[in-house]
Amino acid sequence: MKKSNVEKTFAMIKPDGVRRGLVGEIIKRYEQKGLRIVAAKLIQADRETAEQHYSELKSRSFFNELIDYITSGPMMVMILEGENAIKMVRMINGPTHIEEALPGTIRGDFATSTAHNIVHGSDSYENAQREIKLWFPELEENQLKLSVL
Ligand code: IDP
Ligand code: MG
């Protein structure tokens, strides 16, 4: 039998998703694929935290525009847990580029451009751990252990 791979990931509903009233729709899509919400909060990011989150993209031409967008209003940040959660969230979100995001994915159904694409999901185990610590500094290590319900 294949070993299970229950893991945590970090996801966020970016300001355009919150502004457009898509929080319930997006959380429904994660939950209906078996992902559980371990933690969630609505926050307005400061520039420093947003820049740390996207530090890998610092040299890109769109970096400042990206930080303006991410700090433009409240976002729903969350920790999701489930089987292959990291890959699963990115599949539900859809690809980065608007022309590749097919209907049925969140970006395919709702994104208006590659820049304004509604959602984020961590792309690796290392980044999931880093992003969870960055956005949920108040959570203790023991609260981040797997919470199989
Ligand atoms: P991802 O969100 O699918 O992981 P990344 O390449 O990590 O995609 O880019 C982070 C975010 O930066 C994207 O979600 C999008 O908001 C923005 N972004 C990515 N590429 C472009 C671009 O070419 N122009 C403008 N914004 C972009
Ligand atoms: Mg990314």
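Note: the structure precedes this text.
Notes on the structure follow. The structure displayed is predicted, hence computed values, not measured ones.

Some points on the overall build of the protein
The helix and strand inventory of the protein stands at 7 helices and 4 strands. Each helix and strand of the protein, ordered N terminal to C terminal, gives the series β-α-α-β-α-α-β-α-α-β-α. Computed over the C-alpha atoms, the radius of gyration of the protein is 15 Å, within 12% of the 15 Å expected from 2.2 N^0.38 for a compact globule of 149 residues. Once the C-alpha set of the protein is aligned to its principal axes, its extents read approximately 45 × 35 × 30 Å. Taken over 149 residues, the protein has a buried fraction of 44%. Relative to all contacts within the protein whose residues are 6 or more apart in sequence, the contacts with residues 24 or more apart total 79%.

Re the pattern of salt bridges
For the structure shown, the criterion picks out 8 salt bridges. If you follow the salt bridges from partner to partner, you end up with Glu-25, Lys-28, Arg-29 and Asp-109 in one network.

Description of the sheet that holds strand β4 (residues 119-121)
Strands sit in the order β2-β3-β1-β4 across an open sheet of 4 strands; the sheet is antiparallel. Lying at the two open borders of the sheet, with one neighbouring strand each, are β2 (36-43) and β4. Sheet twist, expressed as the mean angle between neighbouring strand axes with direction ignored, is 20°. Here helix α2 (residues 23-32) sits on the sheet and contacts β1 (6-13), β2, β3 (75-83) and β4; the angle it forms with β3, its principal contact strand, is near 10°. In the packing of helix α7 (residues 125-135) onto the sheet, contacts are made with β1, β2, β3 and β4, and the angle to β1 comes to roughly 55°.

A word on the site of ligand 1
Taken together, Lys-14, Tyr-54, Leu-57, Phe-62, Leu-66, Arg-90, Thr-96, Arg-107, Thr-114, Ala-115 and Asn-117 make up all the residues around ligand 1. Coverage of ligand 1 by the protein chains reaches 79% of its 530 Å² of free accessible surface. Of the residues belonging to the shell around ligand 1, the class tally is 5 nonpolar, 3 polar and 3 charged.

What about the packing of aromatic side chains?
Think of a pair of aromatic rings as described by two things: how far the centres are apart, and how the planes are tilted against each other in angle. All chains considered together, the criterion is met by 1 aromatic pair. The interplanar angle of 5° and the centroid separation of 6.1 Å between the aromatic rings of Phe-10 and Trp-135 together place this pair among those described as stacked. With a gap of 125 residues between them, Phe-10 in strand β1 and Trp-135 in helix α7 connect regions that are remote in the sequence. Accessibility classification places Phe-10 together with Trp-135 in one group, the buried group. A cation over an aromatic ring shows up here: Lys-41 above the ring of Phe-136, its NZ or CZ 4.6 Å from the ring centre.

Thoughts on the environment of Glu-100
Structurally, Glu-100 is set in the loop between α5 (85-93) and α6 (106-110). Separated by 14 residues in the primary sequence, Glu-100 and Thr-114 have C-alpha atoms spaced 9.7 Å apart.

Re the environment of Arg-29
Residue position: Arg-29 is located in helix α2. In this structure, the C-alpha to C-alpha distance between Arg-29 and Phe-110, residues 81 residues apart in sequence, is 13 Å. A polar contact is formed between the side chain of Arg-29 and the side chain of Asp-109, at a distance of 2.9 Å.

Cut-offs used in this document
- Residue indices begin from 1 for each chain and proceed along its sequence in written order.
- Chains and ligands are labelled by the order in which they are written, letters from A for the one and numbers from 1 for the other.
- Totals for whole chains, interfaces and linings use all residues, but because this is a predicted model, local features are given only for residues with pLDDT of at least 70 and pairs of side-chain atoms are given and counted only at 80 or more.
- Calculated side-chain values reflect all of the structure's heavy atoms, with hydrogen atoms and water omitted.
- By definition, any uninterrupted DSSP run of H or I lasting at least four residues is a helix, any uninterrupted run of E lasting at least two residues is a strand, and each is numbered from the N terminus.
- It is over C-alpha atoms that the radius of gyration is taken, and the globule rule equals 2.2 Å times the number of residues to the power 0.38.
- Think of it in three bands: residues with accessible area under 20% of the maximum for their type are buried, residues over 50% are exposed, and the middle band is partly exposed, with areas taken using a 1.4 Å probe on protein chains only.
- Whether two residues touch is decided by their heavy atoms; if any such pair falls within 4.5 Å, the residues are in contact.
- Think of a salt bridge as a Lys or Arg side-chain nitrogen and an Asp or Glu carboxyl oxygen that are within 4 Å of each other.
- Between any two strands, pairing holds if DSSP finds at least two bridges.
- For every element, the axis is a line fit to its C-alpha atoms; helices are fit only across the contacting stretch, and the angle between N-to-C directions ranges from 0 to 180 degrees.
- Nearness of a residue to a molecule or strand requires only that one of the residue's heavy atoms be within 4 Å of it.
- The accessible surface values rely on the Shrake-Rupley method and a 1.4 Å probe; as for residues, cover is taken only from the protein chains in view.
- Three residue categories are used. Nonpolar comprises Ala, Val, Leu, Ile, Met, Phe, Trp, Tyr, Cys and Pro, charged comprises Asp, Glu, Lys and Arg, and polar comprises the others, including Gly.
- Each Phe, Tyr or Trp ring, with Trp reduced to its six-membered ring, pairs with another whose centre is within 6.5 Å; inter-plane angles below 30 degrees give stacked pairs, above 60 give edge-to-face pairs, and intermediate values give tilted ones.
- Two limits define a charge over a ring: the Lys NZ or Arg CZ must be within 6 Å of the ring centre, and within 35 degrees of the ring normal.
- Whenever two N or O atoms come within 3.5 Å, that pair is a polar contact, provided that in protein one can donate a hydrogen and the other can accept it, and provided that, for residues adjacent in sequence, both atoms are side-chain atoms.

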